[in-house]
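Each chain, written out:
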Amino acid sequence: MTQSKKNIAIIGSGLVGSLLAIYLKKYGHQITVFDRRPDIRNIEFSGRSINLAMSNRGWNALRAVGIEDEIKEIAIPLDKRAMHVVGKPEYYQKYGKDGEAIWSISRGVLNKRMIDLAENNGVEFRFEEKVWDIDLPEAKVYTGDTEKGEWTEYPFDLVFGCDGAFSRVRHKMQRRSRFDYSQDFIDVGYKELTIPANNDGTHKLDKNSFHIWPRGKFMFIAMPNLDGSFTCTLFMPFEGEVSFESIKTKKDAVDFFNTYFPNVKNEIENLTEDFFKNPTSAMVTMKCYPWTYWDKVALVGDSAHAVVPFYGQGMNAGFEDIFVLDEIIQEFGDDWEKIFDTYQKRRKPNADAIAELSYRNFVEMSSKTADANFLLQKKIEKHFSANHPEKWIPAYSRVTFSERPYAEALAAGDAQESIMKEVMKTPNIEKKWDSEEVEKLMLDLIG
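Residues numbered from 1 in each chain as written. Predicted model: local features only at pLDDT ≥ 70, side-chain atom pairs only at ≥ 80, totals over all residues. Heavy atoms only, no water.

## Some thoughts on the side chain of E68
Here E68 lies in helix α3 (residues 68–72). Within the structure, the side chain of E68 is placed 3.0 Å from the side chain of R63, a separation counted as a polar contact. Once you skip the residues sitting within four places of it in the chain, E68 turns out to touch W59, L62 and R63. (Helix = DSSP H or I, 4+ residues; strand = E, 2+ residues; numbered from the N terminus. Polar contact = N/O pair within 3.5 Å; in protein donor to acceptor, adjacent residues only side chain to side chain. Contact = heavy atoms within 4.5 Å.)

Here's what the structure looks like:
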């Protein structure tokens, strides 16, 4: 399908902006990407990143523009969680069926590759050019060195805001009447640390696992990189008895890791240095509506729906925005007003659903994964699902290993949770969890 050639601006050269540029370029449009930051390919990228977990939705979007195989070369498949619980040996939880995996990718490595791919397709990138204002009805972009200084005006036919949770494009749209906007910070922050490779370049931990150290209100995770290292993230409350605020000195940091993460403390590179050098970053859920302005401006990815990272779906949801937008373009051709209106109506309920699912998974990962009742419930669900795969698809599989709508996954997960509440009331459930009685009860409750 062809479209009339347009002059299009994309604000933000991150993962979503770069992929959107590749998608739109295939229609022959002229694409200019603006970013206030320097070219990521020329700077050291570390200190505030959680490794990405690419799953089916992300791969689906990359496959549609023919770059899936190239990106898989820089990713490592993880088919299980490795649980590091206090007082127990390390144990593993398979993610899904055999062959199902999430893929660990360094954000910096992926972003550099995506910019290269976009440039190779003829996309123009303008780094260190700050967008201060957007004329929404005219699709004009204004850039300059400072907010108070002189600005350069660029006229475009369309503008896409892919500039993240604190989007400048969305900020301008927020001034419109009846624009709904909310942001909700959780009281937990995160800090990046590193486990380096062994001297021979191998990984110090199992390289095909997503490693989790759940400790109730805080947790530590590690995801592998191609060079043998692991990118680690400590999630912890900002304030309180055990918190980032309570760790003030290098001795405090060593004592904290000795107490809660003794089996990994000695593996972490420059623990005391990096703990204080790397920033403590915040996490926010951001919702807004509408996502578009006439046939001129649209928000894509985090600028429309930022979520906390505990389902590993932020990037995947942004990539799926682009895949769905592309399907709608093929449906409506040159009618950008219809394209934008359909896009926001189709994606908004799913964005709200993954925001809710992501928050719930934070609660699950930090506290429930070490809870005996929760683990028994998951064991029952897994056993039942193995015997009746068509009747019971776990919520995690619906989100991670499927392209069905997030809203559908949320509704199905809620229905399953209400069934399991009844099942867990069964007397002596821990002894007869795999019995015919429990199986029959679940089949009856499913109806």
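The discussion continues.
## Examining the packing of helix α2 (residues 56–64) against helix α10 (residues 314–332)
It is at 8 Å that the axes of α2 and α10 come closest, and there the two elements cross at 40 degrees. In terms of axis orientation, α2 runs oblique to α10. Note that α2 runs across α10; the crossing there is left-handed. When α2 is examined against α10, the residues R57, G58, N60, A61, L62 and A64 are found in contact with a partner set consisting of N316, F319, E320 and F323. A class-by-class count of the residues in the contact of α2 with α10 yields five nonpolar, three polar and two charged. (Axes fitted to C-alpha atoms, helices over the stretch in contact; angles between N-to-C directions. Parallel < 35°, antiparallel > 145°, perpendicular 65-115°, else oblique. Left-handed = near helix turned anticlockwise from the far one by under 90°. Nonpolar A, V, L, I, M, F, W, Y, C, P; charged D, E, K, R; others polar.)

## What to know about the packing of aromatic side chains
Considering all chains together, one arrives at 30 aromatic pairs under this definition. Here the aromatic rings of Y190 and F235 are separated by 6.2 Å at their centres, their planes lie at 50 degrees, and the arrangement is tilted. Here Y190 is found in strand β14 (residues 188–195), whereas its partner F235 is found in strand β17 (residues 230–237), with 45 residues between them in sequence. Both residues of the pair, Y190 and F235, count as buried. (Phe/Tyr/Trp six-rings, centres within 6.5 Å; stacked < 30°, edge-to-face > 60°. Buried < 20%, exposed > 50% of the residue type's maximum accessible area, 1.4 Å probe, protein only.)

## Looking at the domain arrangement of the protein
One can read the domain layout of the protein as domain 1 (7–79 + 106–183 + 285–361), domain 2 (189–282) and domain 3 (371–446). Here the C-alpha centre of domain 2 lies 30 Å away from the C-alpha centre of domain 1. Contact with domain 1, which involves 18 residues of that partner, is made by 19 residues of domain 2. Summed over both sides, the interface of domain 1 with domain 2 buries roughly 1,500 Å², with 63% coming from carbon and sulfur. Applying the counting rule to domain 1 against domain 2 returns four residue pairs in polar contact (both at pLDDT 80 or more). Contributions of two or more residues to the side of domain 1 that touches domain 2 are made by β3 (52–54) and β4 (76–78). Per-element accounting of the side of domain 1 that touches domain 2 gives the leading share, three residues, to β4. (Domains from an automatic or database assignment. Buried area = accessible area lost by both parts, 1.4 Å probe.)

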